[in-house]
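# Per-entry structural report
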Amino acid sequence: MSQTLPASVILRDVSMRDGLQDEAPVPTETKLALFEALVSAGVRELELTSFVRPDRVPAMADADELCAATTGADVVRWGLVLNRRGAERALAAGLTHLQYVVSVSDTHSRHNAGASTDDAIAAFEAIAGPMIDQGAVMEMTLSTAFGCPYEQRIDPNRVVEVARRVVDAGASSIGLADTIGVAIPSEVEALVAAVAKAVEVSIGAHLHDTRGLALANGLAALRAGANRIDAAVGGLGGCPFAPGASGNVAIEDVAHALGEMGVDTGCSVIGLIDAAVLACAAVGRPVASHVGVAGPRFSC
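The text that follows walks through the structure, step by step, so that each part is easy to find.

## Brief notes about the nonpolar core
Ranked by internal contacts, the top residues of the largest apolar core, which has 96 residues, are Leu176 and Val195. In terms of residues, this core owes the most to one element, helix H11 (residues 269-283), which gives 8 residues. When neighbours within four sequence positions are excluded, Val195 is seen to be in contact with Val159, Val160, Ala163, Ile174, Leu176 and Ile203.

## As for unusual backbone geometry
Even without glycine at this site, Thr144 takes up a positive phi of about 50°. Within the secondary structure layout, Thr144 lies in the loop between strand E5 (137-143) and helix H7 (156-169). A residue is classified by how much of its surface remains accessible, and Thr144, at 0% relative accessible area, is buried.

## Structural notes on the pairing of strand E1 (residues 10-13)
The pairing of E1 with strand E8 (residues 228-231) spans 4 bridges and is classified as parallel. The residue of E8 that forms the bridge with Ile10 is Arg228.

## Thoughts on the sheet that holds strand E2 (residues 45-51)
Within the closed barrel, the 8 strands sit side by side as E1-E2-E3-E4-E5-E6-E7-E8. Their pairing is parallel. Going from strand to strand, the sheet's axes swing by 30° on average, the running direction of each strand aside. Relative to E5, strand E4 (residues 97-103) is paired through 7 bridges, and the arrangement is parallel. Note that in E5 the partner of His97 across the bridge is Val137. Across the sheet, helix H6 (residues 117-133) is in contact with E4 and E5; its angle to E4 comes to roughly 165°.

## Re the packing of helix H4 (residues 84-92) against H6
Running from amino to carboxyl end, H4 crosses H6 at an angle of 15°, the nearest separation of the two axes being 10 Å. The orientation of H4 with respect to H6, classified from their angle, is roughly parallel. Relative to H6, H4 is oriented so that their crossing is right-handed. Packed against H4, whose contacting residues are Arg84, Ala87, Glu88 and Leu91, the element H6 presents Ala126, Ile127 and Met131 at the interface. Its residues assigned to classes, the contact of H4 with H6 shows 5 nonpolar, no polar and 2 charged.

So, how was this worked out
- Residues numbered from 1 in each chain as written.
- Predicted model: local features only at pLDDT ≥ 70, side-chain atom pairs only at ≥ 80, totals over all residues.
- Heavy atoms only, no water.
- Core = buried A, V, L, I, M, F, W, Y, C linked by side-chain atoms within 4.5 Å.
- Buried < 20%, exposed > 50% of the residue type's maximum accessible area, 1.4 Å probe, protein only.
- Helix = DSSP H or I, 4+ residues; strand = E, 2+ residues; numbered from the N terminus.
- Contact = heavy atoms within 4.5 Å.
- Pairing = 2+ DSSP bridges.
- Axes fitted to C-alpha atoms, helices over the stretch in contact; angles between N-to-C directions.
- Parallel < 35°, antiparallel > 145°, perpendicular 65-115°, else oblique.
- Left-handed = near helix turned anticlockwise from the far one by under 90°.
- Nonpolar A, V, L, I, M, F, W, Y, C, P; charged D, E, K, R; others polar.

Here you go:
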């Protein structure tokens, strides 16, 4: 297990998908302005949208339009999908980086996807190969990996088992999601290390800041072998199907902390704060990040 931070880290911005999915629909032109602000701030990977039923998540109804308007941008665009239809829609819209989601909690899986965890894994196993053959990169996010609003604690061995199965099916990377923000650093370090030992793919941490531990959890994940942190400007976000879920860790806070610790993120903290102001204004919320309120500790 690594006890030091990596020299560089991928900060994947999730503002446009996770950050906005539980808000009243934001105009597409505002989303495109946010997209440009994020790219200008140095973000090189972002969640653009999700391909889900508009009647369930109306904020993501403009997925196809967003894909068309951002074609050719110098950024890796990820689209969240939950099933074959979503994956086929994403490919048809020109998005090749697909983020599939399986909840390791059966109860949450039934609420979120209408299927048990095992059935959701089987569905992924059935479509991963054909999608990859069509040029897709298939990433797997394991939601409720650290705790569930319905089942409470999750057995780490179950998380490792599911990670092995989805990697065997074709997942090129794994994201471990603290969907409702119950993780603590020691648990994050142990689970990331266990998954990293079990599978030979890159690992990311998707962290919600419900109890103020998301930044510490992110550092623990990186020390244990993760190479990516998911975060949203202004601390926006939450899951509409996970009671108790709060916002994501703020990407400007993560970039600030890592930058001051000598870790390269490629991002401008000031640029991310500017993007946070834009995004939070669009949904009528104040910027809730620490550096968004107080500014960087010194000039950045």
